Amino acid sequence: SRLLRGTLVGFLNDPGEGDTPEPGSVLHIEDGALWLVDGRIHAVGEYTTLAPHLPAGLEMVDYRGKLILPGFIDTHVHYVQLDIMASYGRQLLDWLNEYTFPEECRFAERAHAETVAEAFLDETLRVGTTTAQVFCTSHPVSVDTFFTAARKRGLRMLAGKVLMDRNAPEALTDTATGGIADSERLIADWHGRDRLGYTLTPRFAPTSSREQLDAVGGVLRNAPDLHLQSHLSENRGEIDWVAELFPEARDYLAVYERYGLVGPRSTFAHGIHLSDGERKRLAQAGANIAFCPTSNLYLGSGLFDRRACREAGLNISLASDVGGGTDLSGFGTLKAAYQVGQLLGQPLTAWQGFYRLTLGNARALHLDAHIGSLREGGEADLVVLDPRATPLLARRAARTRRLDELLFALMILGDDRAVQATWANGRCVHQRDAVPTHRVSH
Ligand code: GUN
Ligand code: FE
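Conventions used here
Residues numbered from 1 in each chain as written. Chains lettered and ligands numbered in written order. Predicted model: local features only at pLDDT ≥ 70, side-chain atom pairs only at ≥ 80, totals over all residues. Heavy atoms only, no water. Near = heavy atom within 4 Å. Polar contact = N/O pair within 3.5 Å; in protein donor to acceptor, adjacent residues only side chain to side chain. Areas by Shrake-Rupley, 256 points an atom, 1.4 Å probe, with all protein chains shown as cover. Helix = DSSP H or I, 4+ residues; strand = E, 2+ residues; numbered from the N terminus. Donors = N, O, S within 2.8 Å, 3.2 Å for Na, K, Ca; no water. Buried < 20%, exposed > 50% of the residue type's maximum accessible area, 1.4 Å probe, protein only. Pairing = 2+ DSSP bridges. Axes fitted to C-alpha atoms, helices over the stretch in contact; angles between N-to-C directions. Parallel < 35°, antiparallel > 145°, perpendicular 65-115°, else oblique. Left-handed = near helix turned anticlockwise from the far one by under 90°. Contact = heavy atoms within 4.5 Å. Domains from an automatic or database assignment. Buried area = accessible area lost by both parts, 1.4 Å probe. Salt bridge = Lys/Arg side-chain N within 4 Å of Asp/Glu carboxyl O. Nonpolar A, V, L, I, M, F, W, Y, C, P; charged D, E, K, R; others polar.

As a further point, take the site of ligand 1. His 78, Gln 81, Leu 92, Trp 95, Leu 96, Arg 203, Phe 204, His 231, Glu 234, His 270, Leu 299 and Asp 321 make up every residue found near ligand 1. Within the side chain of Gln 81, one N or O atom sits 2.9 Å away from an oxygen atom of ligand 1. One nitrogen or oxygen atom from the side chain of Arg 203 is found 2.7 Å from an oxygen atom belonging to ligand 1. Considered on its own, ligand 1 offers 280 Å² of accessible surface; in the complex 100% of this is hidden by protein. Sort the elements by how many residues they give to the shell around ligand 1 and helix H2 (residues 92-105) lands first, with three residues.

Turning to the coordination of the iron ion (ligand 2), a few remarks are in order. Those donors, His 76 (NE2), His 78 (NE2), His 231 (NE2) and Asp 321 (OD), are the protein atoms that reach the iron ion (ligand 2), and they lie 2.1 to 2.2 Å from it. Positions of the donor residues of the iron ion (ligand 2) along the chain correspond to the pattern H-x1-H-x152-H-x89-D. Here His 76 falls in the buried class, since its relative accessible area comes to 0%. Here His 78 falls in the buried class, since its relative accessible area comes to 2%.

In terms of burial, strand S15 (residues 419-424) is largely enclosed, as six of its six residues are buried. Note that S15 and strand S16 (residues 427-431) share four bridges and pair antiparallel. Within S16, the residue paired with Thr 422 across the bridge is His 430. Between S15 and S16, which pair antiparallel one after the other, the connecting turn spans two residues, and Asn 425 there sits at a positive phi close to 55 degrees.

What follows is about the packing of helix H4 (residues 140-152) against helix H5 (residues 176-190). It is the contact of H4 with H5, at a shortest axis distance of 10 Å, that shows an interaxial angle of 15 degrees. When the interaxial angle is binned, H4 and H5 end up roughly parallel. Considering how the two elements wind past one another, H4 and H5 form a crossing that is right-handed. Facing H4, whose interface residues are Pro 140, Val 143, Asp 144, Phe 147, Thr 148 and Arg 151, H5 presents Asp 182, Arg 185, Leu 186 and Trp 190.

Attention now goes to the domain arrangement of the chain. Looking at the assigned domains, one finds that the chain contains domain 1 (2-71 + 371-439) and domain 2 (72-328). In this complex, domain 1 contributes 22 residues to the contact, which on the side of domain 2 involves 15 residues. Buried area between domain 1 and domain 2, summed over both chains or domains, comes out near 1500 Å², and the portion from carbon and sulfur atoms is 53%. When residues of domain 1 are sorted by the area they lose upon contact with domain 2, Glu 17, Gly 71 and Ile 371 head the list and together hold 29% of the total. The interface formed by domain 1 and domain 2 holds seven salt bridges in total. Salt-bridge contacts for Asp 416 lead to Arg 126; the nearest nitrogen and oxygen are separated by 2.8 Å. With four residues, S15 is the largest single contributor of residues to the side of domain 1 that touches domain 2. By residue class, the composition of the side of domain 1 that touches domain 2 is 10 nonpolar, six polar and six charged.

Tracing the sequence through the fold places Leu 3 in strand S1 (residues 2-11). For Leu 3, a relative accessible area of 0% translates into the label buried. Distance in space between the C-alpha atoms of Leu 3 and Val 61 is 6.1 Å, their sequence separation being 58 residues. If we ignore the near neighbours within four places in the chain, the residues touching Leu 3 are Ala 33, Leu 34, Trp 35, Tyr 47, Leu 54, Leu 58, Glu 59, Met 60, Val 61 and Val 440.

Here you go:
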């Protein structure tokens, strides 16, 4: 049991797109406290209100001057691509062939997968991300390894084995039936164990046969609490290829619809080149599109039209898509999202940005009963931000104290240095500098 004292910032609802948040959507307590018991938030409120009710001797971690938010969530990321970040000069399909597939071949080996899984989790926690929906490779061992590492740290994570039975190197392809058998074994071993959940993961339409996609739909029909993630409409070359491979489908989304893969727990990464009709159909199904701005810029895929998605009623989540993405940090993702928005005349506010990283992403993944907000009974996954962490941030903070301006400065100037600490499951899993602790006395 622990008390964290600092400025609490969280969301109760979507703050909207305006410069001022919708009434009642923001939780902001300047001198606040979170009482953590058994991995959960036991009480939340003003420090002075809570203080008389606290047991004497309770350890208080003093984060005054810092912002305490729900841990960040990344709805689409490839842990196995950590080591090909910053590979030069290609767009999607060449990038897959030249860098991605050769790298993914290495995950047949358990020792390699273990090293990378640990490095990935070290790095996500260092940037304040406590939950992610993670692509592994087609090797089941890449999934066992990832879940083992996440479980050891007490993290809430979603992950799954990549399904691909064609148009990829032989060392990476499974078969329609073998890929499903492997997935079912992994589901039995990992889904619902501690804080882990399974995500069915057909890579994207071009690397799965009709038989494989159909079999994935069959699994999902029998187990609708599973998640599913894939890629959709990221790159022009990809879209043309899908049209060639599936001439019977009226558009890219129709391939996934045909096999029953588009539902409320489905996340499709990118969605850059969607038609309005596709956006509406995704919205009706309750699926979400993972907006991956650093990846879209880096791979030259295009500019994501957030406004068109919102107007279609489509859920947008926010994701790094590392290794196509260039930054695991939520700040990096927000900064790129802001820049993409500026180019389209739809700049992202700090309110909307931090909402997406926390409660918005939790809702998109249907995890908001557990994470994404600072609510009593919620799981204690938290990030502690220092809005004066670097010389430039400190100079900016000296000019303003308004919360949204501090948050905006973090989103543009912040990086791992601004993450003072990360807590997961009620435990401190990353800390930058020593922080004073006191015992509560009455
Ligand atoms: N489409 C199919 N596979 C991938 C991948 O690994 N990364 C990205 N960005 N797009 C993909
Ligand atoms: Fe991706």
